[in-house]
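# Secondary and tertiary structure notes
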Amino acid sequence: QVLLVESGGGLVQAGGSLRVSCAASGLTFSTYAMGWFRQAPGKEREFVARISRSGGVTYYADSVKGRFTISRDNAKNTVTLQMNSLKSEDTAVYYCAADYAQRYSSSDLRSDAEYDYWGQGTQVTVSS
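Residues numbered from 1 in each chain as written. Predicted model: local features only at pLDDT ≥ 70, side-chain atom pairs only at ≥ 80, totals over all residues. Heavy atoms only, no water.

### With respect to the pattern of salt bridges
Applying the stated criterion across every chain, the model contains eight salt bridges. Notably, a salt bridge pairs D90 with R38, separated by 2.9 Å at the nearest N-O pair. Residue D90 is found in the loop between strand 8 (78-83) and strand 9 (92-99), and its partner R38 is found in strand 4 (residues 33-39); the two are separated by 52 residues along the sequence. One exposure class covers both D90 and R38, and it is buried. One salt bridge in this structure joins R103 and E114, with 3.3 Å as the shortest N-O distance. Of this pair, R103 sits in the loop between strand 9 and helix 1 (106-109) while E114 sits in the loop between helix 1 and strand 10 (117-118), and the two are 11 residues apart along the sequence. The class of R103 is buried, set by a relative accessible area of 18%. One network of salt bridges, with partners in common, ties together R38, E46, R67 and D90. (Salt bridge = Lys/Arg side-chain N within 4 Å of Asp/Glu carboxyl O. Helix = DSSP H or I, 4+ residues; strand = E, 2+ residues; numbered from the N terminus. Buried < 20%, exposed > 50% of the residue type's maximum accessible area, 1.4 Å probe, protein only.)

Below, the structure is given as structure tokens:
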């Protein structure tokens, strides 16, 4: 059974930092690219970041580029999203997801339909 469990969400003031993590089990972690998505109330789930199997390649949504950093530790089966300079519009439930396929299409790797497994999400609230 594959499990992705997010942690580290919470309440932070605008301009602050927060780190969310995802612990994976039940899969060969190093064979999956990992992504972070988020969903704000009343909005569709959107792509935030993705990291390749080895961690050598990363992708970001334009809205978080330069503020967020995705990283992974294949020895510990974890993926982390470091979020700095947070804004109120970053408020959302953050989900980690695992994708077995290697993808080179910008649209595909940003599509939640292409990911195989999902965590339950962790709430991030940024107060202004």
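### Quick notes on the sheet that holds strand 8
Ordered in space as 1-3-8-7, the four strands form an open sheet in which the pairing is antiparallel. A strand with exactly one partner marks an edge of an open sheet, and here the two such strands are strand 1 (3-7) and strand 7 (68-73). Averaged over neighbouring strand pairs, the angle between their axes works out to 15° when direction is ignored. (Pairing = 2+ DSSP bridges. Axes fitted to C-alpha atoms, helices over the stretch in contact; angles between N-to-C directions.)

### Some remarks on the side chain of R67
When you line up the elements, R67 lands in the loop between strand 6 (58-60) and strand 7. Not counting the four nearest positions on each side in its chain, R67 is found in contact with Q82, M83, N84, S85, L86, K87 and D90. (Contact = heavy atoms within 4.5 Å.)

### Some remarks on the nonpolar core
Generally speaking, nonpolar side chains in soluble globular proteins are found buried as a group. Ranked by size, the top nonpolar core spans 34 residues in total, and within it M34, W36, L81, M83 and Y94 carry the most contacts. Of all the secondary-structure elements, those providing two or more residues to this core are strand 3 (18-25), strand 4, strand 5 (46-51), strand 7, strand 8, strand 9 and strand 11 (122-127). Per-element tally for this core: the top contributor is strand 9, with five residues. Those residues in contact with M83 that lie beyond four places of it in its chain are G16, S17, L18, V20, R67, F68, Y94 and V124. (Core = buried A, V, L, I, M, F, W, Y, C linked by side-chain atoms within 4.5 Å.)

### As for the state of the cysteines
For the structure shown, the criterion picks out one disulfide. Each sulfur of the disulfide joining C22 and C96 lies 2.0 Å from the other. Taken together, the residues C22 in strand 3 and C96 in strand 9 connect sequence positions 74 residues apart. Per residue, the accessibility class of C22 equals that of C96, and both read buried. (Disulfide = S-S within 2.5 Å.)

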